[in-house]
There are 2 protein chains.
Amino acid sequence: MGSVGSVTPQRVRLEAPLPLQSGAALPGCELVYETYGTLNAARSNAVLVCHALNASHHVAGTVPDGSLGWWDNLVGPGKPLDTDRFFVIGVNNPGSCFGSTGPMHANPATGRPWGSDFPVVTVEDWVDAQARLLDHLGIAQLAAVLGGSLGGMQALAWALRHPARVRAVAAIATAPNLSAQNIAFNEVARRAIITDPDFHGGHFYAHGVVPQRGLRVARMLGHITYLSDDSMEARFGRRLQRGEHAALAYSTLDIEFAVESYLRHQGDKFSGYFDANTYLLITRALDYFDPARAHGGNLAKAFAAARGLHFLVVSFTTDWRFAPARSREIVKALVDNDIAVNYAEIDAPHGHDAFLLDDRRYHALVRAWFEKVAT
Amino acid sequence: MGSVGSVTPQRVRLEAPLPLQSGAALPGCELVYETYGTLNAARSNAVLVCHALNASHHVAGTVPDGSLGWWDNLVGPGKPLDTDRFFVIGVNNPGSCFGSTGPMHANPATGRPWGSDFPVVTVEDWVDAQARLLDHLGIAQLAAVLGGSLGGMQALAWALRHPARVRAVAAIATAPNLSAQNIAFNEVARRAIITDPDFHGGHFYAHGVVPQRGLRVARMLGHITYLSDDSMEARFGRRLQRGEHAALAYSTLDIEFAVESYLRHQGDKFSGYFDANTYLLITRALDYFDPARAHGGNLAKAFAAARGLHFLVVSFTTDWRFAPARSREIVKALVDNDIAVNYAEIDAPHGHDAFLLDDRRYHALVRAWFEKVAT
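Residues numbered from 1 in each chain as written. Chains lettered and ligands numbered in written order. Predicted model: local features only at pLDDT ≥ 70, side-chain atom pairs only at ≥ 80, totals over all residues. Heavy atoms only, no water.

On the side of chain A, 59 residues touch chain B, which itself brings 59 residues to the contact. Per-residue buried area on chain B facing chain A is highest for B:Arg238, B:Tyr250 and B:Thr252; these three make up 15% of the total on that side. Linking chain B with chain A are 8 salt bridges, by the criterion used here. In this structure, B:Arg238 engages A:Asp290 in a salt bridge whose closest nitrogen and oxygen atoms are separated by 3.0 Å. Applying the counting criterion to the chain B and chain A interface returns 26 residue pairs in polar contact (both at pLDDT 80 or more). (Contact = heavy atoms within 4.5 Å. Buried area = accessible area lost by both parts, 1.4 Å probe. Salt bridge = Lys/Arg side-chain N within 4 Å of Asp/Glu carboxyl O. Polar contact = N/O pair within 3.5 Å; in protein donor to acceptor, adjacent residues only side chain to side chain.)

Structure (structure tokens):
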């Protein structure tokens, strides 16, 4: 198994405005994307990989700054999603802060950064933008679409909005909608950002500041929900930051426990590169995703649109953000429609983050499913 | 079953400084407390009730402003903790913001509010202060000590520090220490408060401001951990704030879901009365509690000090803050020492908050245990 090697991001401008679920339209939307492998003559071997909150078009290989793609362990020559057989596309979603048109870019109507005036984008809007990219690439139908977490919601939305343009759908560590608790965590993160005095109502760019305090708190909180209780316990437990035999500092302001140091570091790092308006947009897209809503809450009715497609659904036992029970709701809706689905609950200790990790059984399963899809 | 009726808080000043675990001492500590029922001639029927994060000495009955005690459903004439039989004491802990000496009071050394210079207080320090109150009241030995959550940790600490001064210990919805995840949630809340520009390093009193943004976020987050996933789902689900058939607002800044409105309301309310330095102190006391630490992590060794006492340990199935498994650790340590313990896991949907609610089986259990203790 090798790497796709060095890759160069590409860019496309969607000439016609992108109509959005909200009724607004996004003008002059640019999408940044990467591709790995070769599109075959029949243009039938394309696989789209959809990203989650803190990721981008850079799925595999190495870009000039040296950073490795976020799913490089899964995508490459000889890897479970094999770029010797598939033409793999990673695309950055509108509203992101990693290259595609987002709130830090100029609003054509004002010439100033969109900020919090950037239109609210949904999972469905992203999928529609991705379909435009396929038009640009001359791809009528995907062999498959694959995503984890929020990316898994996009994979599901492909099946429901553009079922004729995709043959197979892999939805990993995801849910058919957010629970009240999921929404609640998102709302705490948003309030931390919005009430940071440096947020300036979402127009902080003009003030030369960034709401770093709020972003830090949002990321620290998010991080807790990505890890399992068990993995945090195994990794940090009650270990003191200054060593097992150190005297207690008895301080409310300083770091005492190793887990505090880890979280602060994650928060600091994130607040240095992630955009606050993007954080709000992406958490809202998560909140809004709910394909059953248009069908009176009946998920099986929603999935009637996806008859004839092949699904892979994977969950992880210790994922409490999108627990296995949420994946089983998806599986039930598929089975109710006699839709082919492979489902696995992987016994992994890592919580929600497990979908990004290199677990032997999980990767073997993805590999086998793609081998079936390709034939 | 009746109410204890109207009650008047009382106040005692501890003349000698209170020595603290940190090595510091708290000078001139005043404690506010309430009592319900009558101390018998043998002075043998006293029960101490310890409070958790957002509570106080006001356990039962009604104070002049009309507010009902936080455990009024459990404590009163004919109630599970029967004030016709027991002399019940509620006491506010040092560091609190509900009357006993805390960070908003004057530091005798400077004449200015303590603020973040208030010494770090631990569960053990609180128990020692409570013992001083018993001295003042002329009570050599408690019939029982009772507490839930952080109050349960105080009940356990009574058994370990002052086993000769208590005959029975009831520890409800608690844990022998915080997990890494518990500490992590506390740390997120603390960072939200400390990085609020209105915190002013903990000396905000002099600036005429309060770090309300941070307190709001801390409370919203805390609230999520007090409720179960199931109870949030049952109460709020994905219900829209403006009604089931309202059009979506497609906003990142405004309230869309009912659960958001509820959390914001809880945060606003809390930030209007709770002290930020108290929040830091109390979460740190939670973090530090770890009676096994002095015994190489062996909880059974710690509980050897409590031989001869009678315990009640209660957990709630949907409590994910202090899950039943944490209570079972306590039970195991007691059983390893041949200490008498009644243990129950109550099948309740309400999460951690269940310990404050009026559940028939739970209250029947507490009643039966107190009847046994009293004889």
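Bringing the environment of B:Ile183 into the picture now. Considering the arrangement of structural elements, one finds B:Ile183 in helix α3 (residues 180-194). Separated by 49 residues in the primary sequence, B:Ile183 and B:Leu134 place their C-alpha atoms 32 Å from one another. If near-sequence neighbours (up to four positions away) are discounted, B:Ile183 is found in contact with A:Arg238, A:Phe257, A:Val259, A:Glu260, B:Leu178, B:Arg190 and B:Asp287. (Helix = DSSP H or I, 4+ residues; strand = E, 2+ residues; numbered from the N terminus.)

What follows deals with the environment of A:His105. Residue and element names in this part refer to chain A. Counting through the fold element by element, His 105 comes out in the loop between β8 (87-91) and α1 (123-137). When the C-alpha atoms of His 105 and Gly 115 are compared, they prove to be 8.1 Å apart, with 10 residues separating the residues in sequence. Leaving out residues up to four positions away in the same chain, His 105 has contacts with Gly 99, Ser 100, Arg 112, Pro 113 and Trp 114.

Moving on, we get to the packing of aromatic side chains. The final tally for this structure, using the stated rule, is 42 aromatic pairs over all chains. Each ring, one from A:Tyr288 and one from B:Phe257, has its centre 6.1 Å from the other, and the planes form 50°; the classification is tilted. Of this pair, A:Tyr288 sits in helix α7 (residues 276-288) while B:Phe257 sits in the loop between α5 (229-235) and α6 (258-271), placing the two residues on different chains. For A:Tyr288, a relative accessible area of 10% gives the class buried. Following the ring pairs from residue to residue traces out a cluster consisting of A:Phe98, A:Phe270, A:Tyr273, A:Phe274 and A:Tyr279. Lying over the aromatic face of A:Tyr288, A:Arg284 brings its terminal NZ or CZ to 5.5 Å of the ring centre. (Phe/Tyr/Trp six-rings, centres within 6.5 Å; stacked < 30°, edge-to-face > 60°. Buried < 20%, exposed > 50% of the residue type's maximum accessible area, 1.4 Å probe, protein only. Lys NZ or Arg CZ within 6 Å of the ring centre and 35° of its normal.)

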